[in-house]
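Working through the structure, step by step
Chain by chain, the residues:
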Amino acid sequence: MSITANVSGQNVNAYDYTTGSSISGSLSNIHHYGESSSISLNASGNGSYNGHDYGTGSAFTVRVNGGNVDIYDYGEGSNFSYSG
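What you see is a predicted model, and the numbers here were worked out from it, not measured in a lab.

Quick notes on the pairing of strand 1 (residues 3-8)
- Sheet topology places strand 1 next to strand 2 (residues 11-16); six bridges connect them, and they run antiparallel. If you follow Val7 over to strand 2, its bridge partner there is Val12.
- The hairpin turn running from strand 1 into strand 2, its antiparallel successor, is two residues long, and Gly9 in that turn takes a positive phi close to 65 degrees.

In structure tokens form, the structure reads like this:
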């Protein structure tokens, strides 16, 4: 997966190079136009977020630490780590 993203306040603008499509919205309602699905993302403090992927029906957590992002996907039961 290759995505670039810009978050300004509550607004998200991103591009998914894998699917060749845009992703945009507010943190609480982000829409992936290539997959025709939405996710919600809510801050829980200290760089942590709780989310829900409506396309898969799965919950996930996100932890941002500098240029590193760790995601735990409850639907897959797996951790994913990204750095930038």
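Concerning the packing of aromatic side chains
- Throughout the structure, instances matching the rule amount to two aromatic pairs.
- Ring centres 4.9 Å apart and planes at 70 degrees place the aromatic pair Tyr15 and Tyr17 in the edge-to-face group.
- Ring geometry for Tyr72 versus Tyr74: centroids 4.8 Å apart, planes at 85 degrees, classification edge-to-face.
- On the basis of relative accessible area, Tyr72 is assigned to the partly exposed category, the value being 25%.

Some details on the nonpolar core
- Among the nonpolar cores identified, the biggest contains eight residues, and these are Val12, Ala14, Ile23, Leu27, Ile30, Leu41, Phe60 and Val62.
- Counting only elements with at least two residues in this core, the list comes to strand 2 and strand 7 (58-65).

Quick word on the sheet that holds strand 6 (residues 48-53)
- Strand order in the open sheet formed by nine strands is 1-2-3-4-5-6-7-8-9, and the pairing between neighbours is antiparallel. The open sheet terminates on both sides in strands that have one partner only, identified here as strand 1 and strand 9 (78-83). Across this sheet, the average inter-strand angle for adjacent strands is 20 degrees, counted without regard to direction.

A closer look at the confidence of the model for the protein
- Mean pLDDT over the protein works out to 91, with 99% of the residues at or above the 70 mark.
- Summarising per-element confidence for the protein, the mean pLDDT is lowest in strand 1 (85) and highest in strand 3 (residues 21-26) (95).

With respect to the environment of Thr18
- Relative to the elements of secondary structure, Thr18 occurs in the loop between strand 2 and strand 3.
- Exposure remark for Thr18: the relative accessible area of 55% places this residue in the exposed category.
- Distance from Thr18 to Ile3, taken between C-alpha atoms, is 7.6 Å for residues 15 residues apart in sequence.
- From its side chain, Thr18 meets the backbone nitrogen of Ser2 in a polar contact 3.2 Å long.

Side note on the environment of Ile39
- Mapping Ile39 onto the fold places it in strand 5 (residues 37-45).
- Classification of Ile39 as partly exposed rests on a relative accessible area of 24%.
- The residues contacting Ile39, other than those within four sequence positions of it, are Ser28, Asn29, Ile30, His52, Asp53, Tyr54 and Phe60.

Rules of the game
- Residues numbered from 1 in each chain as written.
- Predicted model: local features only at pLDDT ≥ 70, side-chain atom pairs only at ≥ 80, totals over all residues.
- Heavy atoms only, no water.
- Pairing = 2+ DSSP bridges.
- Helix = DSSP H or I, 4+ residues; strand = E, 2+ residues; numbered from the N terminus.
- Phe/Tyr/Trp six-rings, centres within 6.5 Å; stacked < 30°, edge-to-face > 60°.
- Buried < 20%, exposed > 50% of the residue type's maximum accessible area, 1.4 Å probe, protein only.
- Core = buried A, V, L, I, M, F, W, Y, C linked by side-chain atoms within 4.5 Å.
- Axes fitted to C-alpha atoms, helices over the stretch in contact; angles between N-to-C directions.
- pLDDT = per-residue confidence, 0-100.
- Polar contact = N/O pair within 3.5 Å; in protein donor to acceptor, adjacent residues only side chain to side chain.
- Contact = heavy atoms within 4.5 Å.

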